[in-house]
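# Structural overview for review
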Amino acid sequence: MAEPVRVRRLTDQEGQKLQQIVPRGSISSVRFRRAMMLLASAGGNRVPMIAQLVQADEDTVRDVIHRFNEIGPACLDPRWAGGRPRLLSPDDEDFVVQTATTRPTKLGQPFTRWSIRKLASYLRRVHGRVIRIGREALRCLPARRGITFQRTKTWKESPDPERDVKPDRTEHVLDRFPDRVFASDEFGPPGIRPTGGSGWARAGHPERHPATYHRTHGVRYFHGCYSVGDDTLWGVNRRKKGADNTLAALRPIRAARPDGAPIYVILDNLSAHKGEKIRRWARKNRVETCFTPTYASWANPIEAHFGPLRQFTIANSNHRNHTVQTRALHAYLRWRNTNARHPDVLAAQRRERARIRSERGIRWGGRLAKVA
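The structure contained in this document is the topic of the report that follows. (Residues numbered from 1 in each chain as written. Predicted model: local features only at pLDDT ≥ 70, side-chain atom pairs only at ≥ 80, totals over all residues. Heavy atoms only, no water.)

### Brief notes about the sheet that holds strand E5 (residues 287-291)
- Within the open sheet, the five strands sit side by side as E3-E2-E1-E4-E5. Their pairing is mixed. A single partner strand is all that each edge strand has here, and the edge strands are strand E3 (232-238) and E5. Strand-to-strand twist across the sheet, computed as the mean angle between neighbouring axes with direction ignored, equals 25°.
- On top of the sheet, helix H8 (residues 165-176) reaches strand E1 (181-187), strand E4 (263-267) and E5; it is set at about 130° to E5, its chief contact. (Pairing = 2+ DSSP bridges. Helix = DSSP H or I, 4+ residues; strand = E, 2+ residues; numbered from the N terminus. Axes fitted to C-alpha atoms, helices over the stretch in contact; angles between N-to-C directions. Contact = heavy atoms within 4.5 Å.)

In structure tokens:
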């Protein structure tokens, strides 16, 4: 007669581990039930009684005991394998992925995106190729192939016919005349309202701002000016954008270089920057306006300095009115200009840029020489 199936003698560590799992329970029901089988067998219980205790088949109990005798406690975490064979061939899976990544309207379906239910229904009745697949399998299949459900993104390309000429001119004046290059732009409207942000606080106790329902203060636009050579930033709040306010912002730039030599101001293509009044003033005062391409305001050097200005004066704020907000902006600008980089550092950086350009063989000539 064959000997009854029984777990081998446990070591102290194995016994302690099983005792920790069984009384406390476990997140994994499989791990918990297997630990009960082994502990019961180690206590001298026979397989039929253990199967009744854990409500499992006797063959399952025997398999677990044999597996423990072979590999030890690793059998508590089984690696599932096998199962029924796949119903989809690799070609069918490729077809499912291709269909999921194709816009439904191109396949004659009256919606803009697939859902799991709609895609499964379409695959079951596609002409010439019927694919039957459950919704859970259909959800997992694209994920295995690196296809995920994502938000649609937009992109914008500059249609400016001079989108190559304008950046070339901007880079030219930045390299040749950095001490006479300025950048100007507006941002806004920074309204009077509690603005979310971030800051240090105790865990679970963030700083809170009151909600507002009636906003009667109107809006303002910050007109900023940046001196590339001096690394200084200044500006003022105005009620609205317009040619008059742009011109008022350009006049201090001209006054910053009172020797009468030409200066260069980088602007974006906003209509308020290109009026005849501004062009006439620029010609009279030896100011050349260098425009960025359409939809490419990121090429304006001042844009990088607007980010910290917003983060440290508007984000995480609750200004009472525009006067307080303007004072906060000017206080930050004074602090920023006081703590700007040293001019020697800026000069060293300009020399390094010139050296790199000379090594790369970048020369300015032809078209640029005519407009310089």
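There is more to say, and it comes next.
### Some words on the pattern of salt bridges
- One pass over the full model with this rule turns up 18 salt bridges.
- Here Arg67 ties to Glu70 by a salt bridge, and the two come within 3.3 Å at their closest N and O atoms. You can see Arg67 and its partner Glu70 sitting in helix H4 (residues 58-71), three residues apart, about one turn around the helix.
- Through salt bridges with shared partners, a single ionic network connects Glu93, Asp94, Arg144 and Arg145. (Salt bridge = Lys/Arg side-chain N within 4 Å of Asp/Glu carboxyl O.)

### What about helix H9 (residues 243-256)?
- With 14 residues, H9 should cover 20 Å at 1.5 Å per step; its first-to-last C-alpha distance of 20 Å lies within 8% of that length.
- Among the residues making up H9, those that are buried are Asn245, Thr246, Leu247, Ala249, Leu250, Ile253 and Arg254.
- Packed against the buried residues of H9 are E1, strand E2 (221-227), E3, E4, helix H10 (276-284) and E5. (Expected span 1.5 Å × (residues − 1). Buried < 20%, exposed > 50% of the residue type's maximum accessible area, 1.4 Å probe, protein only.)

### Observations regarding the nonpolar core
- Membership of the largest hydrophobic core comes to 19 residues, with the highest contact counts inside it found for Met37, Leu38, Val61 and Leu76.
- Counting residues per element, the ones that place at least two in this core are helix H1 (12-24), helix H2 (29-42), helix H3 (47-54) and H4.
- Take this core: its biggest share by element is five residues, from H2.
- In terms of nonpolar packing, the next biggest core, distinct from the first, is built from 18 residues, Val181, Ala183, Val228 and Ile302 among them. (Core = buried A, V, L, I, M, F, W, Y, C linked by side-chain atoms within 4.5 Å.)

### Here's the deal with the layout of surface pockets
- In this structure, the largest pocket encloses a volume near 760 Å³.
- Lining the largest pocket are 21 residues, and of these Ala100, Trp114, Thr148, Phe149 and Gln150 lie nearest its centre.
- By residue number, the principal contributor to the lining of the largest pocket is helix H7 (residues 135-144), which donates four residues.
- The residue makeup of the lining of the largest pocket, split by class, is 10 nonpolar, seven polar and four charged. (1 Å grid on protein atoms, 1.4 Å probe; cavity = no way out; pocket = protein on both sides within 12 Å on 5 of 7 lines; lining within 4 Å. Points joined across faces, edges and corners; volume = space filled by probe spheres on them. Nonpolar A, V, L, I, M, F, W, Y, C, P; charged D, E, K, R; others polar.)

### Remarks on unusual backbone geometry
- Backbone torsion omega between Gly188 and Pro189 reads 5°, so that peptide bond is classified as cis.
- Relative to the assigned elements, Pro189 resides in the loop between E1 and E2.
- With a phi angle near 55°, Gln55 is a residue other than glycine that sits in the positive phi range.
- With respect to the element layout, Gln55 can be found in the loop between H3 and H4.
- The phi angle at Tyr295 is positive, at roughly 65°, despite the residue not being glycine.

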